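Summary of the model geometry
Here are the chains, one letter per residue:
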Amino acid sequence: DTEVTQTPKHLVMGMTNKKSLKCEQHMGHRAMYWYKQKAKKPPELMFVYSYEKLSINESVPSRFSPECPNSSLLNLHLHALQPEDSALYLCASSQDKALAGTQFFGPGTRLTVL
Amino acid sequence: QQPVQSPQAVILREGEDAVINCSSSKALYSVHWYRQKHGEAPVFLMILLKGGEQMRHEKISASFNEKKQQSSLYLTASQLSYSGTYFCGTDADDFGNEKLTFGTGTRLTIIP
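Quick look at the structure, then. Model, not experiment: these values are computed from the prediction. (Residues numbered from 1 in each chain as written. Chains lettered and ligands numbered in written order. Predicted model: local features only at pLDDT ≥ 70, side-chain atom pairs only at ≥ 80, totals over all residues. Heavy atoms only, no water.)

The next point concerns the overall build of chain A. Counting its regular elements, chain A contains zero helices and 11 strands. Along chain A, from the amino end to the carboxyl end, the secondary structure elements read β-β-β-β-β-β-β-β-β-β-β. Whereas a compact globule of 114 residues would reach a radius of gyration of roughly 13 Å, chain A reaches 13 Å, a difference of no more than 12%. Reported as C-alpha extents along the three principal axes, the dimensions of chain A are approximately 35 × 25 × 20 Å. In chain A, buried positions account for 47% of the 114 residues. Considering only contacts within chain A whose residues lie at least 6 apart along the sequence, 55% involve residues at least 24 apart. For chain A, the exposed surface amounts to about 5500 Å²; the carbon and sulfur share of it is 50%. For chain A, the distance from the average position of its 13 positive side-chain charges to the average position of its 10 negative side-chain charges is 6 Å. (Helix = DSSP H or I, 4+ residues; strand = E, 2+ residues; numbered from the N terminus. Rg over C-alpha atoms; globule rule 2.2 N^0.38 Å. Buried < 20%, exposed > 50% of the residue type's maximum accessible area, 1.4 Å probe, protein only. Contact = heavy atoms within 4.5 Å. Areas by Shrake-Rupley, 256 points an atom, 1.4 Å probe, with all protein chains shown as cover. Lys, Arg positive; Asp, Glu negative; His and termini not counted. Charge placed at Lys NZ, Arg CZ, Asp CG, Glu CD.)

Right, dumping it as structure tokens:
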């Protein structure tokens, strides 16, 4: 299985809502990543988890809260988002954080904040 | 710092060749190339390592000039399926770097 899955595909939420994005991989990868991508821009790294521990937080606002319950699963909890947070949220994994350049990406969740 | 790619966009007829360049201001240990089709996730194409050989994926090849801190992607006899946005990704030269920094991107459109 060489796939990273993400749910939901699309999400529309209000600024007072709480929602979660889910990412799953069964490749035995030990590093997982969250990216944010705006239209016509490259993906921007948000968080890196290595062996289920948060390794990098790229100064992301606290309204985004990542969680890694086990080695296959990565969540991104959303609370009190702003309209400018609307974007495509991509999850990725790599065999190890030292092999961060070779990542497998999920299809993404397109988030709209009203 | 984000690598800079050129050109920003290019339109080709099917069968034509293209070159996409990626430049970094930092010393590089490796360069990674990804392609992202519209509405889809980025897909890894190839990795080039310092001191390594030129790599190839189907009719796409790439080179890495360590001295100039540049990489180039060569698309030969382009096919419609090559359309998409190409990103280079770079690791800095400090060993054990954990993250991939994507370049500014090059949008490639292949027309019949």
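With that settled, the discussion passes to the sheet that holds strand β8 (residues 70-75) of chain B. Residues and elements named next belong to chain B. On the basis of which strands lie adjacent, the open sheet formed by five strands has the order β1-β3-β8-β7-β6 and antiparallel pairing. Here the strands that pair on one side only, and so sit at the sheet edges, are β1 (4-6) and β6 (55-57). Across the sheet, the mean angle from the axis of one strand to that of its neighbour is 20°, orientation sign disregarded. Both strand β3 (residues 18-23) and β8 contribute to a ladder of six bridges, which runs antiparallel. Each bridged residue has a counterpart across the sheet, and for I20 the counterpart in β8 is L73. (Pairing = 2+ DSSP bridges. Axes fitted to C-alpha atoms, helices over the stretch in contact; angles between N-to-C directions.)

Once that is clear, we can look at the layout of surface pockets. Here the largest pocket is characterised by a volume of approximately 610 Å³. Surrounding the largest pocket, 24 residues form its lining, A39, K40 and K41 of chain A together with T85 and R107 of chain B being those nearest its centre. Only β9 (87-94) of chain A together with β9 (84-92) and β11 (106-111) of chain B provide two or more residues apiece to the lining of the largest pocket. Partitioning the lining of the largest pocket into residue classes produces five nonpolar, 12 polar and seven charged. (1 Å grid on protein atoms, 1.4 Å probe; cavity = no way out; pocket = protein on both sides within 12 Å on 5 of 7 lines; lining within 4 Å. Points joined across faces, edges and corners; volume = space filled by probe spheres on them. Nonpolar A, V, L, I, M, F, W, Y, C, P; charged D, E, K, R; others polar.)

Residues and elements named next belong to chain A. Ordered by their spatial adjacency, four strands build an open sheet running β1-β3-β8-β7, and the pairing between neighbours is antiparallel. Each edge of the open sheet carries a strand with a single partner, namely β1 (4-7) and β7 (64-70). Strand-to-strand twist in this sheet, taken as the mean axis angle between neighbours without regard to direction, amounts to 20°. Pairing geometry for β7 and strand β8 (residues 73-79), over five bridges, is antiparallel. Bridge assignment links P66 to a residue of β8, and that residue is L76.

Relative to the helices and strands, Q103 of chain A is located in the loop between β9 and β10 (104-105). A polar contact is formed between the side chain of Q103 of chain A and the side chain of Y35 of chain A, at a distance of 2.9 Å. (Polar contact = N/O pair within 3.5 Å; in protein donor to acceptor, adjacent residues only side chain to side chain.)

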